[in-house]
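Architecture at a glance
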Amino acid sequence: MRFVERVAVVLLACTCLHADGLVLIHAQRYAMGTMFDIVAYHASGQKAERAIEVALAEIVRLDHVLSHFDPESDLAKLVRTGRTGFVGVDPALYDVLSQSMEISRRSGGGFDVTVGPLVRLWQNAQATGHPPSPEAIAKTKRCVGYEKVQLMPPDRVHLNSDCVSIDLGGIGKGYAVERAMQILQGAGIEHAVVNAGQSSIAAIGHPPDRAGWMVDLGVDGTGLGEIELRDSSISTSRQGRVPMASGDRGYGDIIDPARGRPVESTVTVIVRILSATQADALSTTLLLLPIEEGKRVLEGFPGAAAVWLSATGDVISMHRDIRAPRWKR
Amino acid sequence: MLAMLAMLAMDASAETLIRWDLERIPPTAALGITTLVVPAAQPATIRAALEQGYRVYVEIEAASAVTFKPIAGAAGVIVKGTLPAAQLDRLAQYGTPVRIADDRGKWPHIRTNWVTRNKDVLQVTNRSSQPWLENNEALVRIAMARAPAAPPVLLTYTWQPVTVSDLDRGPRLENYLVAIAEAGSFGADLVLPLHQRFEEALVNGDPDARADWAEITRFVAFYAWNVPFQHQAVANVGVVTADPMRAFELMNLLARHNLPFVSIAPSALAAHELTGIDLLIVLDDLDDRGLQRVDAFANAGGTALVAGTAAVKPGAAALPWHRSAPVKSERRVSYTVGKGRVVESPTAPSDPNTFALDMRQLLGSGRRIVDIWNGITVLVAPYARRSGDGMLLTALNYAAQPLPIQVRVRGTFSRVQYEAPGQPAALLPFEHRDDGTEFVLPALRIGARIFLTRLP
């Protein structure tokens, strides 16, 4: 078994108007460091185009709100001003933080959006080729901890530390996918899929002649190769690693906040659940936790399913059946 | 520093030629251009274009060159594909200018997240992926290195729909603009095919089409390289390979990660000065003189990676740099040689993306010509001013939407001027840090160029 080579090919043959009168609309937009694709079937191509455009615009807006790269983002402003007291933030930022805190609590701190200082510490180690000292790790860990983020409804946030920072990389794309899907549904779109750089995918309804949207899990021979995704979301996480100048293996970009070190695992985790936000956060979280502990966390999320895959694509473990139910049309 | 970069070709230039298919053609005054490329298979269009006073290049497929006869009044012939020398000579005998268009490129775009199979749309789930840029920089650089004194590479490609909606409507304005900007950024000429629907709309005087056309011609003019001073494309990574196209994906990913490279044939290495090369990547076997050249290159301060050749396989004979003590890491053996080093990797690179990231690390931040942040959909190309006191940087954002891009250029410059199509030139604030010049491109939508000058 091996991971399928993931080569996205250009669509060369496609009937845009289907027999049942549904028009296929597809658009894409770059945001959050990746490409978002939205596909929808609808009786009115114009209506679907408008809805997709609004959804893509919201994704781009969220990028400006949630980015930790952009010094003018709402998040960056919060980090600059939120350490001295409660400050008002964009409702979307508050919503993401609120959901992040909830998942942090339920995962015992496994998922933690305040891990940013540790991420930067190890990025610096990658650049210099020297791992940080235990003292530097310990010192940086003092800046990390989700409990340092205090929320006051409806939209006020206080960062209760002089060095805490926030990185929404583990949840932001999922949130953007979910918001886009809400906009599409609000516009009356019943059959659509939103794909954020392959790592976060959400689907409503189904394409014509299918019970759900086909999603390739990237594994040959396990029987899990493809699933049908419908009214659900899926997210995939795996530790990435860039070699260092010395030729040694580099450090991954997913950091375990408890240990203050990059996750060593070579496992791929795929999570399926209704909420794209939760799928995104949980797939990262499960990389940080022992499998059994991860399964216990998943018990707190009704309907959540997950699969752990080895580097060679073998199924290591599964929580519920990651394959979508066989929908009847 | 500028004199210390490898020059790739003659003075940079680029020209976009518009390809037209419809028999009806707007007058030259309406289009604002005087040259068209028309396929030989459209004789009526050729006649119509000539009658309206257009300068017409006739486009033919390489396969039909053997029977092609020049058309009276045509300005020249553009041959798509590879043409044997004998055929080229035959065409040249007619006295008509002949240009070969490299049709191996792709209409530049960012790949979709989709896969199709049996007409089914298939989403693929994977860890978050960096957008995959379909681009032609490596193709242009390889061609430049093959014939440095030749005219610019002439690219051509057909429209490839990216989204399903594109199937119906053809290229959008930004698709045309990115194509023009890409060729111009990398110093290539381009035969740009217009979609039939767009041609029809232009013929009918459709206001939207006319507005799009105005933007297209603005880009064509911007990328015609009417810039003060002459510039030459530069590189500081040398890739030694007998067959650049066999190593294409490696070079494609070097380009993708903004590592400007020049390909060097193994037979040419011994005599190559390697001026300005900081990193030499050896992918094919070298003779003794070539190996000595690698050793001398490292001795003078360069870093050489010898990857997967017979010379570095287990059990091979000693190499010139083996006089130094080896330092072993997980995947490599490194030898300090004089002021530089030679790194051996017994296996050939397998994953081009990882390899390119690896090469960035091996080069180190101090020796990278350009670094960018917040711009993973952006490719930059450096050019040195012939006079040696300045540099020009082209920047191209394949995402075609405004992004603030942070840039660090090696060397300290005292003036940073930014130009983009349709925008007035602006001086950018900058900082000097660690022998580099850092600045922010405020909102790079598609393309821009940055003049970096050292004032006396």
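**A look at the overall build of chain A**
Along chain A, the regular secondary structure elements total eight helices and 15 strands. Sequence-distant contacts, at least 24 apart, represent 61% of the contacts inside chain A between residues at least 6 apart.

**Topic: the confidence of the model for chain A**
Looking at chain A, pLDDT values average 86 and 87% of them are 70 or higher. Confidence drops under pLDDT 50 across residues 1-15 of chain A; counting only partners more than four residues distant or on other chains, this segment forms 54 contacts.

**Here we look at the sheet that holds strand E2 (residues 16-19) of chain B**
Two modes of strand pairing occur in sheets, parallel and antiparallel, and in both the strands are linked by backbone hydrogen bonds. Residue and element names in this part refer to chain B. On the basis of which strands lie adjacent, the closed barrel formed by seven strands has the order E2-E3-E4-E5-E6-E11-E12 and parallel pairing. Neighbour to neighbour, the strand axes of the sheet diverge by 35° on average, direction disregarded. Note: strand E5 (residues 76-80) against strand E6 (residues 98-102), four bridges, orientation parallel. When the bridges of E6 are listed, Ile 78 appears paired with Arg 99. Of the strands in this sheet, E2 and strand E12 (189-193) touch helix H6 (residues 173-185), which is tilted by about 165° from E12.

**Some thoughts on the packing of aromatic side chains**
Under the definition given, this model contains nine aromatic pairs over all chains. Taking the centre distance of 6.2 Å and the plane angle of 40° together, the rings of Phe 219 of chain B and Tyr 223 of chain B count as tilted. Exposure class is identical for Phe 219 of chain B and Tyr 223 of chain B. Each is buried. Put simply, the rings of Trp 107, Tyr 157, Trp 159, Tyr 176, Phe 198 and Trp 213 of chain B touch in pairs and so form one group of aromatic residues. Over the aromatic face of Phe 301 of chain A sits the side chain of Arg 106 of chain A, whose NZ or CZ is 4.1 Å from the ring centroid.

**Details of the confidence of the model for chain B**
Across chain B, the average pLDDT comes to 90, with 95% of residues at or above 70. Overall fold confidence for the complex sits at a pTM of 0.85, while the interface term, ipTM, reaches 0.73.

**What to know about the pairing of strand E7 (residues 200-204) of chain A**
Residue and element names in this part refer to chain A. Among the five residues in E7, five count as buried, and that is most of the element. Of the two faces of E7, both are covered, the one formed by Ser 200, Ala 202 and Ile 204 as well as the one formed by Ile 201 and Ala 203. Pairing of strand E6 (residues 191-196) with E7 involves five bridges; the strand directions are antiparallel. Paired with Val 193 across the bridge in E7 is Ala 203. If you look at the hairpin formed by E6 and E7, you'll find three residues sitting between the two strands, and Gly 197 has a positive phi there, around 55°.

**Here we look at the layout of surface pockets**
Residue and element names in this part refer to chain B. Taken as a whole, the second largest pocket encloses approximately 730 Å³ of empty space. Elements supplying a minimum of two residues to the lining of the second largest pocket: helix H3 (85-93), E6 and helix H4 (137-146). No other element matches E6, which puts five residues into the lining of the second largest pocket. Among the residues forming the lining of the second largest pocket, the class breakdown is 19 nonpolar, four polar and six charged.

**Considerations on the pattern of salt bridges**
Residues and elements named next belong to chain B. Using the criterion set out here, one finds 33 salt bridges over all chains in the structure. For Arg 323, the salt bridge identified is with Asp 295, shortest N-O distance 3.1 Å. Of this pair, Arg 323 sits in the loop between strand E17 (303-307) and strand E18 (326-328) while Asp 295 sits in helix H11 (residues 288-299), and the two are 28 residues apart along the sequence. The exposure class of Arg 323 is exposed, given its relative accessible area of 53%. By relative accessible area, which is 8% here, Asp 295 ends up buried. Where Asp 358 meets Arg 331, a salt bridge forms, and the shortest distance between an N and an O atom there is 3.5 Å. One end of the pair, Asp 358, is in helix H12 (residues 352-363); the other, Arg 331, is in the loop between E18 and strand E19 (333-337), with 27 residues separating them in the sequence. Asp 358 gets classed as buried once you look at its relative accessible area, which sits at 4%.

**Some thoughts on helix H6 (residues 172-186) of chain A**
All names here are of chain A. The terminal C-alpha atoms of H6 lie 21 Å apart, and with 15 residues this matches the ideal 21 Å at 1.5 Å per residue to within 8%. Taken residue by residue, H6 has Gly 172, Lys 173, Gly 174, Tyr 175, Ala 176, Val 177, Ala 180, Met 181, Ile 183 and Leu 184 as its buried positions. Packed against the buried residues of H6 are strand E2 (34-42), helix H1 (45-66), helix H3 (91-106), E6, E7 and helix H7 (276-288). Downstream of H6 by a residue or two, Gly 188 has a phi angle that is positive, lying close to 90°.

**Structural notes on the state of the cysteines**
Residue and element names in this part refer to chain A. Summed over all chains, the structure comprises one disulfide over all chains. Between Cys 143 and Cys 163 runs a disulfide, and the two sulfur atoms are separated by 2.1 Å. Handedness here is read from the sign of the S-S torsion; for Cys 143 and Cys 163, about -105°, the answer is left-handed. Of the two residues, Cys 143 sits in the loop between helix H5 (134-141) and strand E4 (149-152) while Cys 163 sits in the loop between strand E5 (156-159) and H6, which places them 20 residues apart along the sequence. For Cys 143, a relative accessible area of 11% puts it in the buried group. The exposure class assigned to Cys 163 is partly exposed, which follows from its relative accessible area of 26%.

**Things to note about empty space enclosed by the protein**
Residue and element names in this part refer to chain B. Evaluation of the coordinates by the stated rule reveals three cavities of 30 Å³ or more. What lines the largest cavity is simply Glu 137, Val 140, Arg 141, Met 144, Phe 186, Ala 233, Ala 381 and Tyr 383. If you list the elements that add at least two residues to the lining of the largest cavity, you get H4 and strand E22 (378-385). Top contributing element to the lining of the largest cavity by residue count: H4, with four residues. Of the residues belonging to the lining of the largest cavity, the class tally is six nonpolar, no polar and two charged.

**Points about unusual backbone geometry**
A cis amide bond, omega 5°, links Pro 153 of chain A with the succeeding residue Pro 154 of chain A. Relative to the helices and strands, Pro 154 of chain A resides in the loop between E4 and E5. Positive phi values are uncommon outside glycine, yet Asp 209 of chain A reaches one of about 70°. The topology assignment puts Asp 209 of chain A in the loop between E7 and strand E8 (213-216). We classify Asp 209 of chain A as exposed; its relative accessible area is 70%. Located in the positive-phi region is Asp 434 of chain B, a residue other than glycine, with phi close to 50°. Summarising the element assignment, Asp 434 of chain B is placed in the loop between strand E27 (430-433) and strand E28 (436-444).

**Structural notes on helix H2 (residues 43-51) of chain B**
All names here are of chain B. Listed as buried for H2 are Thr 45, Ile 46, Ala 48 and Ala 49. The arc that holds every buried residue of H2, seen down its axis, measures 165°, which confines them to one face. Directly after H2, the chain includes Gly 53, whose backbone phi takes a positive value near 90°.

**Observations concerning the packing of H6 of chain A against H7 of chain A**
Residues and elements named next belong to chain A. Packing of H6 against H7 brings their axes to within 7 Å, and their N-to-C directions diverge by 165°. On the basis of the axis angle, H6 is roughly antiparallel to H7. Crossing of H6 against H7: the hand is right-handed. In this structure, H6 contributes Gly 172, Lys 173, Gly 174, Tyr 175, Val 177 and Glu 178 to the contact, and H7 contributes Ala 276, Thr 277 and Asp 280. The class makeup of the residues in the contact of H6 with H7 is three nonpolar, three polar and three charged.

The rules we used
- Residues numbered from 1 in each chain as written.
- Chains lettered and ligands numbered in written order.
- Predicted model: local features only at pLDDT ≥ 70, side-chain atom pairs only at ≥ 80, totals over all residues.
- Heavy atoms only, no water.
- Helix = DSSP H or I, 4+ residues; strand = E, 2+ residues; numbered from the N terminus.
- Contact = heavy atoms within 4.5 Å.
- pLDDT = per-residue confidence, 0-100.
- Pairing = 2+ DSSP bridges.
- Axes fitted to C-alpha atoms, helices over the stretch in contact; angles between N-to-C directions.
- Phe/Tyr/Trp six-rings, centres within 6.5 Å; stacked < 30°, edge-to-face > 60°.
- Buried < 20%, exposed > 50% of the residue type's maximum accessible area, 1.4 Å probe, protein only.
- Lys NZ or Arg CZ within 6 Å of the ring centre and 35° of its normal.
- 1 Å grid on protein atoms, 1.4 Å probe; cavity = no way out; pocket = protein on both sides within 12 Å on 5 of 7 lines; lining within 4 Å.
- Points joined across faces, edges and corners; volume = space filled by probe spheres on them.
- Nonpolar A, V, L, I, M, F, W, Y, C, P; charged D, E, K, R; others polar.
- Salt bridge = Lys/Arg side-chain N within 4 Å of Asp/Glu carboxyl O.
- Expected span 1.5 Å × (residues − 1).
- Disulfide = S-S within 2.5 Å.
- Arc of directions from axis to C-beta.
- Parallel < 35°, antiparallel > 145°, perpendicular 65-115°, else oblique.
- Left-handed = near helix turned anticlockwise from the far one by under 90°.

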